[in-house]
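Each chain, written out:
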Amino acid sequence: MQVEVPRPKDRYDTAHQLSSREMREQVIAAQLLQSARYRHLPFSWNSELFGSHLRRYAALDSASASLLQTTIDTLGLSMRAYDKILKLARTIADLDQAECIGSHHVAEAIQYRQLDQQPVYV
């Protein structure tokens, strides 16, 4: 995953920014949530989801599924990319402490995928 981070002078809205401590707490909470969710399974993290486990624990509502499918079709992405976006959306939802993956989680995961696909010029 690749994330673009603007320079401090480019930041305009500082009201919604988390401190490093708050981010760390959010990540730890998401890790605990994942550990609890997968406690009876042979894995502990969203990144390890595959097949029926991925479809069960990263299930999408119809709006989210439609958004992801439209993106896959429009950009010509593979099913491997579909699964990666789905895992990332599950993790983003966990960071929000959300039980269900929402369209905004899928959209954010797609955005990170798009950043990852940008050509690098040397």
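Relevant structure appears above.
Residues numbered from 1 in each chain as written. Predicted model: local features only at pLDDT ≥ 70, side-chain atom pairs only at ≥ 80, totals over all residues. Heavy atoms only, no water.

**Section: the packing of aromatic side chains**
- Taken as a whole and judged by the stated rule, the model has two aromatic pairs.
- Relative to Phe43, the ring of Tyr38 lies with its centre 5.3 Å away and its plane at 55°, an arrangement referred to as tilted.
- Note on Tyr38: relative accessible area 1%, which makes it buried.
- Here Phe43 falls in the buried class, since its relative accessible area comes to 6%.
- Ring geometry for Tyr38 and Tyr57: centres 5.2 Å apart, planes at 90°, overall edge-to-face. (Phe/Tyr/Trp six-rings, centres within 6.5 Å; stacked < 30°, edge-to-face > 60°. Buried < 20%, exposed > 50% of the residue type's maximum accessible area, 1.4 Å probe, protein only.)

**A look at the packing of helix α1 (residues 20-37) against helix α4 (residues 79-95)**
- Packing of α1 against α4 brings their axes to within 8 Å, and their N-to-C directions diverge by 115°. Crossing of α1 against α4: the hand is right-handed. Facing Gln26, Val27, Ala30, Leu33, Gln34 and Arg37 of α1, the residues of α4 in contact are Arg90, Thr91, Asp94 and Leu95.
- For the contact of α1 with α4, the per-class residue count stands at four nonpolar, three polar and three charged. (Axes fitted to C-alpha atoms, helices over the stretch in contact; angles between N-to-C directions. Helix = DSSP H or I, 4+ residues; strand = E, 2+ residues; numbered from the N terminus. Left-handed = near helix turned anticlockwise from the far one by under 90°. Contact = heavy atoms within 4.5 Å. Nonpolar A, V, L, I, M, F, W, Y, C, P; charged D, E, K, R; others polar.)

**Points about the pattern of salt bridges**
- Under the defined criterion, the tally for this structure stands at four salt bridges.
- With its nearest N and O atoms 2.6 Å apart, the salt bridge here joins Arg37 to Asp94. Separated by 57 residues along the polypeptide, Arg37 in helix α1 and Asp94 in helix α4 bring together distant segments of the chain.
- For Asp94, a relative accessible area of 0% translates into the label buried.
- It is possible to trace a salt-bridge network through shared partners that takes in Arg37, Arg90 and Asp94. (Salt bridge = Lys/Arg side-chain N within 4 Å of Asp/Glu carboxyl O.)

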